[in-house]
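Summary of the model geometry
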Amino acid sequence: MKDLMQHQSVHVEEKPYKCTECNKLFRWKESLKRHQMIHTGEKPYECTECDKAFITNEKLTQHPKIHTGEKPYQCTECDKAFIRKSHLMKHHKIHTGEKPYQCTECDKAFITNGQLTQHQKTHTGEKLYACTECDKAFITNGELKRHQKIHTGEKPYKCTECDMAFNFSGDLKNHQKTHTGERSYQCTECDKAFIRNGDLKLHQKTHTGERSYQCTECDKSFIRNRELKQHQKIHTGEKPYQCSECDKSFIRNGALNQHQKIHTGEKPYKCTECDKALIRKSQLMEHQRVHTGEKSHQCTECDKAFRTNVQLKQHQKAHTGERPYQCTECDKTFISNRDLKRHQKVYTGERPYQCTECDKAFITNGELKRHQKVHTGERPYQCTECDKAFITNGELKQHQNIHTGKKPYERTECGKAFIKYRQLKQHQKVPTGGESV
C-alpha cells in the first residue's frame, strides 16, 4: 500500500518532504534523507581502490568501472560507450534532437530535467553554493567544486603527451583532442569544426548574429557573458592584472600573459614562409595573410578589403568621419587611440626607437624599420612596369601612378590633381589662380 501511495504522488506531483537547509522538496522521505547528506557531508559508501566516497551504494557500484575501464552501454549511432545506462539514454537524445524539458521563462529546452532546473536558476538568480575562500557563489555544487580547485591548485588529471595538468577529467579529454586532431563538432554553415559542442554553439552565433549579452552602459552586445564582463571593465576602468616588470595593467589575465612575452622576448609562433616569429597565434594568422594575399574583410562603402576586422573597422571611420580620440595639446582628432599616442610623441619629444647605424631616432618601430633599409639598401617593392624598386609599398603605389596616369590627390579649389600627396601639399601653398613653384 505504501508503494502505491508513493507512486501516486508522481501523478499529482505532490512533494511533501522539505529540506530544512535549502527548502528543496521531495516526493519520498528516502530521497530527502539522501539529499540531506549533501549538507552534512556524510558519504558512507567508500571505494577500496581510491579515496572517493559516495552518498548511495548505487553510485559506489557504478564507480569501480572507472578503474576497470568497463563501459557496457554502447551507442548504436556512434562509437561512444558509457558506464551507466542512464548516461547512454541521455546521450541518445543528442542524435534524436529530443529536448523534452522546456523553460517557461524563455524558449530554451533541455535534454534532462536536471539541466532545466539548473538553467532556471539563471532566471531566479539563485546561487546556493558559496565558496568559503572568497565571496563567489554558484548555481551548482559542481561549479563550486571546480572553482575551489583554483584555491587549492589541485590538478589531478595529467596529459601523457605533454606536461599539462587539469582540474577535471573532462578538461583533460578535451585537451587530448589537440594532440589527436579530433574535432567531432562540425558547423553546418561553414567548414569549421570544434573539439567541444559548446564551442560549436558559440561559433554558430557568428552566423545567426545572436548576441544575447547587452552592455547597459553602451550599445555593444556580446556572444558570451564573460566577454560582456570583460567589456564592462572598460567603463569601470578596472584593470586587475598588473605587470611586475613595468607599470602596465590589463583587464584580462590573458592579455597580461601575452604582454609579459615582450619582457621575456618569447615569440613561440613562427611563420613557415619567412623567418618572422610572433608573440600571439592571432598575430601569426594575420601575418600569414601577407604571404597569401588574403583580404577577407570587405568594406561595404568602397572596394577596399582588409586582412583583419580591426583594420576594416578603423577604415570605416574614414567614411563616417568618426574621430573619437582628441589630442589635449592641440585640436587634432584621430581615428584610433594608437594614432593619438603616436601624435602625442610630437609634443613629448619621445623617440624611443633608435637606429644602431646612425644617430637618428624615431617615434614608431615601423619608421625605424623603414629607415634601416636605407643602410641595408633593401628595396623589396619592385615595379612590374620598369626596373625601379622601393623601400615601402606606399612608395611603389605612388610610383605606379606614373605608369597608369592616375592622379588621386586633387585640390578642391581649382580642380588640379597630382600623382603624389606631397605635390598637392606644395601646390596648396600657392594662392588659388597662382602658379606652382
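Anyway, here's the lowdown on the structure attached to this text. For clarity, every value in this text was computed on a predicted model and none was experimentally measured. (Residues numbered from 1 in each chain as written. Predicted model: local features only at pLDDT ≥ 70, side-chain atom pairs only at ≥ 80, totals over all residues. Heavy atoms only, no water.)

**A word on the overall build of the protein chain**
Helix and strand counts for the protein chain come out as 17 helices and 30 strands. Against the globule reference of 22 Å for 437 residues, the protein chain gives a C-alpha radius of gyration of 32 Å, more extended than a compact globule. When its C-alpha atoms are laid out on the principal axes, the protein chain stretches across 110 × 45 × 45 Å. By residue count, 24% of the 437 residues in the protein chain fall in the buried class. Sequence-distant contacts, at least 24 apart, represent 2% of the contacts inside the protein chain between residues at least 6 apart. Total accessible area computed for the protein chain in this model is approximately 32000 Å², and 47% of it derives from carbon and sulfur atoms. Of the side-chain charges in the protein chain, 78 are positive and 57 negative, and the distance between the mean point of each set is 2 Å. (Helix = DSSP H or I, 4+ residues; strand = E, 2+ residues; numbered from the N terminus. Rg over C-alpha atoms; globule rule 2.2 N^0.38 Å. Buried < 20%, exposed > 50% of the residue type's maximum accessible area, 1.4 Å probe, protein only. Contact = heavy atoms within 4.5 Å. Areas by Shrake-Rupley, 256 points an atom, 1.4 Å probe, with all protein chains shown as cover. Lys, Arg positive; Asp, Glu negative; His and termini not counted. Charge placed at Lys NZ, Arg CZ, Asp CG, Glu CD.)

**Re a positive patch on the surface**
A grouping of Arg34, Lys43, Lys52, Lys59 and Lys145 is seen on the molecular surface, where their side chains present a positively charged patch. Note on placement: lysine 59 falls in helix α3 (residues 57-62). With relative accessibility at 45%, the residue lysine 59 sits in the partly exposed group. (Patch = residues over 30% accessible without salt bridge, like charges linked within 9 Å, V, L, I, M, F, W, Y side chains within 5 Å. Salt bridge = Lys/Arg side-chain N within 4 Å of Asp/Glu carboxyl O.)

**Some remarks on the environment of histidine 147**
Mapped onto the fold, histidine 147 is located in helix α7 (residues 141-152). Between the alpha carbons of histidine 147 and cysteine 386 there is a distance of 65 Å; along the sequence they are 239 residues apart. Apart from the residues lying within four places of it in its own chain, the contact partners of histidine 147 are Cys131, Cys134, Lys136 and Phe138.

**Let's talk about helix α5 (residues 85-96)**
In this model α5 runs 17 Å from its N-terminal to its C-terminal C-alpha over twelve residues, within 8% of the 16 Å that 1.5 Å per residue would give. Leu88, His91 and Lys93 are the residues of α5 that are buried. Contacts made by the buried residues of α5 are with β5 (73-74) and β6 (81-82). (Expected span 1.5 Å × (residues − 1).)

**Some thoughts on the side chain of threonine 140**
Relative to the assigned elements, threonine 140 resides in the loop between β10 (137-138) and α7. One polar contact links the side chain of threonine 140 to the main-chain amide nitrogen of glutamate 143, over a distance of 3.1 Å. (Polar contact = N/O pair within 3.5 Å; in protein donor to acceptor, adjacent residues only side chain to side chain.)

**Description of the pattern of salt bridges**
One pass over the structure, following the stated rule, counts five salt bridges. Linking aspartate 199 and arginine 196 is a salt bridge whose minimum nitrogen-to-oxygen distance equals 3.2 Å. On the basis of relative accessible area, aspartate 199 is assigned to the partly exposed category, the value being 25%. A residue is classified by how much of its surface remains accessible, and arginine 196, at 39% relative accessible area, is partly exposed.

**Describing helix α14 (residues 337-348)**
Compared with the 16 Å implied by 1.5 Å per residue over twelve residues, the 16 Å span of α14 between its first and last C-alpha is a close match. Among the residues of α14, Leu340, His343 and Lys345 are the ones counted as buried. In this structure, the buried side of α14 is in contact with β23 (325-326) and β24 (333-334).

**Description of unusual backbone geometry**
Glycine aside, residues mostly have negative phi, and peptide bonds are mostly found in the trans state. Non-glycine residue asparagine 23 carries a positive phi angle of around 70°. Take asparagine 23: it is sitting in the loop between β1 (17-18) and β2 (25-26).

**Regarding the side chain of lysine 233**
Counting through the fold element by element, lysine 233 comes out in helix α10 (residues 225-236). The buried charged residue lysine 233 lacks any salt bridge partner; its closest oppositely charged side chain belongs to glutamate 238, at an N-O distance of 4.7 Å. Here lysine 233 is in contact with Glu238, Pro240 and Ile251, once residues within four sequence places are set aside.

**Comments concerning the environment of lysine 416**
With respect to the helices and strands, lysine 416 occurs in the loop between β29 (409-410) and β30 (417-418). Lysine 416 sits eleven residues away from histidine 427 along the chain, and the two C-alpha atoms are 9.0 Å apart. Leaving out residues up to four positions away in the same chain, lysine 416 has contacts with Tyr409, Glu410, Arg411 and His427.

**Quick word on the environment of arginine 224**
Mapped onto the elements of the fold, arginine 224 is located in the loop between β16 (221-222) and α10. Arginine 224 sits in the partly exposed class, given a relative accessible area of 25%. A sequence separation of 13 residues divides arginine 224 from arginine 211, and the C-alpha atoms of the two residues are 7.7 Å apart. Those residues within four positions of arginine 224 in sequence are excluded, and the remaining contacts are Leu202 and Tyr213. A polar contact of 2.8 Å, which involves the side chain of arginine 224, links it to the side chain of glutamate 227.

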